[in-house]
Amino acid sequence: MGRLFLLDLSDDRIVSLNSDGSDRKVIVTECRYPDGIAVDVAAGHIYWTNMGHPKTNDGSIERADLDGRNRTAVVSNGGTFTPKQIQLVAKSRKLYWCDREGMRVMRADLDGSNVETLVDASQGDPRPGPDATKWCVGVAVDVDGGKVYWTQKGPDNAGQGRIFRAGIDVPTGQTGSNRADIEVLYEGLPEPIDLDLDLDDRVLYWTDRGDPPRGNTVNRAPMDSGSLDRPAPEIVLTHLMEGIGIALDLAGDRMFVTDFGGNVLEAKLDGSDAKPLLVAQGNLTGIAYAEIS
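Here goes a summary of the coordinates provided. (Residues numbered from 1 in each chain as written. Predicted model: local features only at pLDDT ≥ 70, side-chain atom pairs only at ≥ 80, totals over all residues. Heavy atoms only, no water.)

1. Remarks on unusual backbone geometry
Just so we agree on the cut-off: Numbering goes from the N terminus for both helices and strands, where a helix is a DSSP run of H or I of at least four residues and a strand is a run of E of at least two.
The step from Arg 127 to Pro 128 runs through a cis peptide bond, and the omega angle for that step is 5°. Following Pro 212, the chain continues into Pro 213 via a peptide bond in cis, with omega recorded as 5°. Following the sequence through the fold, Pro 213 ends up in the loop between β17 (203-208) and β18 (217-222). Although it is not a glycine, Arg 93 adopts a positive phi angle of roughly 55°.

So this is what it looks like as structure tokens:
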């Protein structure tokens, strides 16, 4: 059946449940504004980000067992500013995350060592960043393709959101601030938030928190189209209440989505057969799906 792990921002806790909505358990409490979550099935761990106070450099990343025990800090308070979505790449044993007010895309080893800034969008602005167009929020990684993808959401409902792509490593002789390989995939989006990838069919999925008709949606687009033949995003799911988290179950041809209205939705990858699993459960942020034996 698979297992879902979701973050309840209103109560600062992590909830685990079966993918049909049953067997719901609170496994971690007293988080510090949790936003992104990832699962390491092989090691039996969950990792999550704590945003902390957006105006203070006190963000962190924590780890616990799948049942919430043995909780430990991976990136201590202040090791990142306002960490948002997080992705775990099993092949390289790396964590990737976006730092919103820090205006960065970052990564580290699973134990929190070797913290790197892959992208610094600040252009010299102080942290916390005053310009929301530079805020990095969602992140996804194609390790075999050698690319990292991220969103910069822009101000609320402003139509200034963008999705970017760059090499998974900073080019030799360049830095996260001046790297020359950054590509804008989409711009003029309402407010793009979290990302996920279908690497088999080469499709990029994302949630958008902005206003309808293009916002409060799940969107998808081909990953490999060039700038001259890139199609407009396809909206596959609508009527979200400020869409935030997304997790794909590719083997099951389905997605799971959370929104800030406290809903967890399940739908096929094309958006059909949408149904609620949970309704009005506070303010939900990140979600992760895993097959756990």
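2. Describing the sheet that holds strand β8 (residues 83-89)
Rule in force here: Whether two strands pair depends on DSSP finding at least two bridges between them. Axis definition: a line fitted to C-alpha atoms, limited for helices to the stretch in contact. Angles are taken between N-to-C directions and run from 0 to 180 degrees.
Spatial ordering of the open sheet is given by β8-β9-β10-β11, a layout of four strands whose pairing is antiparallel. Each edge of the open sheet is held by one strand with a lone partner, namely β8 and β11 (116-120). Averaged over all pairs of adjacent strands, the angle between their axes in this sheet comes to 20°, without regard to strand direction.

3. Describing the packing of aromatic side chains
How we decide: When two rings of Phe, Tyr or Trp (its six-membered ring) have centres within 6.5 Å they constitute a pair, described as stacked for plane angles under 30 degrees, edge-to-face for angles over 60, and tilted for the intermediate range. Only protein chains enter the accessibility calculation, which uses a 1.4 Å probe; a residue is then buried when its area is under 20% of its type maximum, exposed when over 50%, and partly exposed in between. Distance and angle both matter: a charge sits over a ring if NZ of Lys or CZ of Arg is within 6 Å of the ring centre and within 35 degrees of the ring normal.
Tallying each qualifying case throughout the model produces three aromatic pairs. With a centroid separation of 5.3 Å and an interplanar angle of 10°, the aromatic rings of Trp 150 and Phe 164 are classed as stacked. Residue Trp 150 is found in strand β13 (residues 147-152), and its partner Phe 164 is found in strand β14 (residues 161-167); the two are separated by 14 residues along the sequence. On the basis of relative accessibility, which here comes to 6%, the residue Phe 164 falls in the buried class. Centroid distance Phe 256 to Tyr 289: 5.4 Å. Interplanar angle 15°. Geometry classified as stacked. You can see Phe 256 sitting in strand β21 (residues 254-259) and its partner Tyr 289 sitting in strand β24 (residues 284-290), a full 33 residues away along the chain. We classify Phe 256 as buried; its relative accessible area is 0%. Overall, the relative accessible area of 15% leaves Tyr 289 in the buried class. Here Arg 100 stacks its cationic end above the ring of Trp 135, 5.4 Å away from the centre of that ring. One cation-aromatic arrangement involves Arg 209 over Phe 260; the distance from NZ or CZ to the ring centre is 4.8 Å.

4. Observations regarding the pairing of β14
Within β14, six of the seven residues are buried, leaving the element largely enclosed by the surrounding structure. Pairing of β13 with β14, which is carried by six bridges, proceeds in the antiparallel orientation. Across the sheet, Thr 151 pairs through a bridge with Ile 163, a residue of β14. In terms of strand pairing, β14 meets strand β15 (residues 183-189) through four bridges, oriented antiparallel. Each bridged residue has a counterpart across the sheet, and for Ile 163 the counterpart in β15 is Tyr 186.

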